[in-house]
Amino acid sequence: MAKHHIEATVNGDAVEFLCETEETLLDVLRDTLHLTGSKEGCASGDCGACSVMLNGRLVCSCLVLGCEVGGQKIETIEGMAAGETLHPLQQQFLKSAALQCGICTPGFLVASKALLERTPDPTETEVRYWLAGNLCRCTGYDKIVSAVMDTAAAMRKG
Amino acid sequence: MAETMTNGNSQTYVGTRTIRPDGADKVTGRARFGADFNLPGQLIGRVLRSPHPHARIVSIDTSKAEALPGVKAVVTRDDFADQSSEFIPAGEMMMNYKDVVRNVMAREKALYEGHAVAAVAAASVAIARRALKLIEVKYEVLPHVIDVVEAMQPGAPLLHDDLFTVGVEPKPEKPSNIAKRVEIKQGDIEVGFKKADLVIEREFKTAPVHQGYIEPHAALASVSEDGSTELWCTTQGHFIVRAHCARLLGLDIGKVRVTASEIGGGFGGKTVVYLEPLAIALSRKAKRPVKMVMSREEVFKASGPTSGATVRVKLGVTKDGKFVAAFAELKYQAGAFQGSPVQPGVMCAFAPYDIEHVHVIGYDVVSNRPKVAAYRAPGAPISEYAVESVVDEIAKKLEIDPIDLRMQNAAHEGTKAAYGPKFGPVGLEETLNAIKKTEHWNAPLRKWQGRGVASGFWFNIGGETCASLTVNEDGTISLMAGTPDVGGLRASLAAVAADELGVPYDKVRPIIGDTGSVGFNFLTGGSRSAFSGSMAIVEAAKQIKAELCARACKLWEAQPDQVEFSGGSVRPLGALAEKVKPMSVADFAKVAGKTGGPIGGVGRINAQGAGPSFGTHLVDLEVDPETGRVTVLRYTVAQDAGRALHPAYVEGQFQGGAVQGIGWALNEEYIYGDDGKLQNAGFLDYRMPVASDVPMIDAILVEVANPKHPYGVRGVGETPIVPPLGAIANAMEAATGIRFTELPMSPPKVLKALKEKGLSRA
């Protein structure tokens, strides 16, 4: 079967690509658009390392087909910093040592940003449950949760 | 930049929470992990794996797959020369190439479900998948054995006809699944047990658990027509990968260049090779680059978990709480090939305690499971869990506070460990004191809640290490290390280099060099990288300082005793100080060409004196009597770091190890059906802790300096996974009155136990 021709927006840029029916959005991002910041940890939606925003909604890009995203708006980790300025979450993750190996970090950052956009003042429990779809094997989550809480507090202060 | 202190003329960075030099790349998606490398013209490699746990491979016909358009190479056992039986160290474990070649590609038999049988390289994933289906493998299915105790029985299905138990007299005439028997002895336990007023003997069982790194194994190989080989892969030791691949493929080591990608977690599991030799073999055949990435299912089925085990512990104690005799028998699963971590399990079992009479026996047992790989303090969590459970029971029986009981028997400076060494300064007592002083220790608990404490030990290692410092033309410093950075190594080494040379931290740029750029390094494991790497950096800096002093002497026409290096500059002393001004590292960099050429130093060491690290963990949990679910409410870790080069990343090791231990204790396990197939090869069913499963993990840094290290450093990465298993089991007993002797304490098991005691209405 011929490949699908898809036009979409990724991090504000218009993109077009061809993909096979079975290719996931994650495959397209990584292999076709060369945006390798989104990671494949499981390909089954269990680890969250491939988290992206699809039309403002947090999704695992391994559970979305490439041919489904025509005309839609995708945001990935590569679009999170504003020019040279890291997003406050990115800055705080570095300051708090909220990453060790860093493989899960893009997914955690995308998911945390989505949380703070809808819940600017989350409790620790809210942070933990929101991030329960993102696996981290290195940190024990402590410094990640703290970094998200601290960022939320700083952003509320403006 | 976080807190920094000033010391004389220069800031110092060791012990501060600097921003990691590789950080910006890691929060922006720019950092390149194993699967993020690509080359022009690359093919995709895929592996055909055995569906059977145990089967003779009668024949493999690859002709149809080779004929499929787009298939560029197929490799099987025929593409790997057989290897002689020879043991070499890999991580904290010993490897035998005869087994390694069989593990990367099955030869006579497939020995576990998921065992590689063939591999293809094709123009696309789709073609590679189709090609795998066209490979015809004839199997003669054999009876299999999964359980370690069953595998030890006479008459159990034999994995290897040529495996004879080592370490027993007389030498066995019949092969068995018991690869070896090891033991350590100190004193005479028969004498010891006679002195005991109380002897507790219990048997424990633990399930195999996977390291659970989020990044699957990945490798990209490119072999030229002249045999030059380049490999990019995610590994804890690219020099070890190079050695393995050169050996397995008959290549000169000098012709193989391995670049370690950023590593997305390893915990011991990335100390061995799986895909790497296959990718090279395929690339050599196809004359194209070949990229291979494991699926999560492959990671579970074909890469190493750690052992499940059966452990019997017998501990004798006087009525006033003195441990007088200790015995343990450890039976560890090795997986399909010998080499479980039973030896370190034996060494560590009673190491936290000063006991006169000790005897520990260990068995390394093969069964039809994936070959185990190292997992964080390999072997130690299992044996120490069993011992810490018995220690807790003794404390209860004797009505002694469990921390006091441990304190009374704690190993300290001068204690002779049963496995050999006499300890120097060690920090077990300090961690016990630190835990006892926490508010946590005395916080109130409610019904169905329990508190548990346990200590843990790992010996730590040093080993061959090479790292370099180069002074660039503008005075900035290039730092090259050769052990992959699993969680803050570059930050730690950059701080040491900055302090040694008196330059700002952000003027030091650390990288992990490939095997062609820096001298040999043993892998990242055993908690050696920060310990050994910082020693090598100190050595490299020493060379630079000596060189700069020598150059200053020439420039100033001075004698060596008229100059010294301090605060980032060579300083003139005495009368000379009135004639010339100090010269900084950057000053020398500017005139390097005129004063003798490029400036740099290389530390090439075999690091000795790794100080052991002790830790004590404290946990509160709550048991739900309706479901058997256990919730960890509060957790405190105290561990001796010697000196924390970067406190935040040391805390991170404590916290991460504790949560891995929580997973091991409460939920994680390999579940096999009667058919010998793994039933939970995915993150949904192999249940690792998620953020909502755990509380904050309070980390207390205890610093008892290691006198053998210039900064007092001890390895910190392994010990944190040792105490959680025992601490949680002890808390479970406190919450329910039930001594759980089998891990994981998952809801079905807990509920069953509660029902048997009439404690659950569910």
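Reading guide: rules and limits
Residues numbered from 1 in each chain as written. Chains lettered and ligands numbered in written order. Predicted model: local features only at pLDDT ≥ 70, side-chain atom pairs only at ≥ 80, totals over all residues. Helix = DSSP H or I, 4+ residues; strand = E, 2+ residues; numbered from the N terminus. Rg over C-alpha atoms; globule rule 2.2 N^0.38 Å. Buried ≥ 20, exposed ≤ 12 C-beta atoms within 10 Å, placed from the backbone. Contact = placed C-beta atoms within 7 Å. Nonpolar A, V, L, I, M, F, W, Y, C, P; charged D, E, K, R; others polar. Pairing = 2+ DSSP bridges. Axes fitted to C-alpha atoms, helices over the stretch in contact; angles between N-to-C directions. Parallel < 35°, antiparallel > 145°, perpendicular 65-115°, else oblique. Left-handed = near helix turned anticlockwise from the far one by under 90°.

Draft legend 1. Quick look at the overall build of chain A. Scanning chain A from terminus to terminus reveals 5 helices and 5 strands. Helices and strands appear in chain A in the N-to-C order β-β-α-β-β-β-α-α-α-α. For a compact globule of 158 residues, the expected C-alpha radius of gyration is about 15 Å, and chain A comes in at 16 Å, within 12% of that figure. In terms of overall dimensions, chain A has a C-alpha envelope of 50 × 30 × 25 Å along the principal axes. Scored against the burial criterion, the 158 residues of chain A give a buried share of 57%. The contacts in chain A between residues at least 6 apart in sequence include a share of 58% that link residues at least 24 apart.

Draft legend 2. Main features of the interface of chain B and chain A. With 44 residues of chain B at the interface, the matching set in chain A holds 42 residues. Looking at the side of chain B that touches chain A, the elements with two or more residues in it are α1 (23-28) and α20 (647-666) of chain B. With 8 residues, α20 of chain B is the single largest residue contributor to the side of chain B that touches chain A. Among the residues making up the side of chain B that touches chain A, the classes are represented as 22 nonpolar, 15 polar and 7 charged.

Draft legend 3. Highlighting the sheet that holds strand β21 (residues 463-471) of chain B. All names here are of chain B. The strand order across the open sheet built from 4 strands is β23-β22-β21-β27, with neighbouring strands paired in mixed fashion. Lying at the two open borders of the sheet, with one neighbouring strand each, are β23 (508-512) and β27 (599-607). Taking each pair of neighbouring strands and ignoring which way they run, the sheet shows an average axis angle of 15°. Where β21 meets β27, 9 bridges bridge the pair, whose relative direction is antiparallel. Paired with Ala 467 across the strands is Gly 603, a residue of β27. On the sheet, helix α15 (residues 489-501) packs against β21, β22 (477-481) and β23 and is oriented at approximately 135° with respect to β22. Across the face of the sheet, helix α16 (residues 529-556) comes into contact with β21, β22 and β27 while running at roughly 140° to β27.

Draft legend 4. Structural context of the packing of α20 of chain B against helix α21 (residues 723-736) of chain B. Residues and elements named next belong to chain B. Between α20 and α21, the shortest axis-to-axis distance is 8 Å and the interhelical angle comes to 55°. Classified by the angle their axes make, α20 and α21 are oblique. Like other packed secondary-structure pairs, α20 and α21 cross with a definite hand, here right-handed. Here α20 contributes Ala 658, Gly 661, Ile 662, Trp 664, Ala 665 and Leu 666 to the contact with α21, which in turn contributes Pro 724, Leu 725, Ile 728 and Ala 729. A breakdown of the residues in the contact of α20 with α21 according to their chemical character gives 9 nonpolar, 1 polar and no charged.

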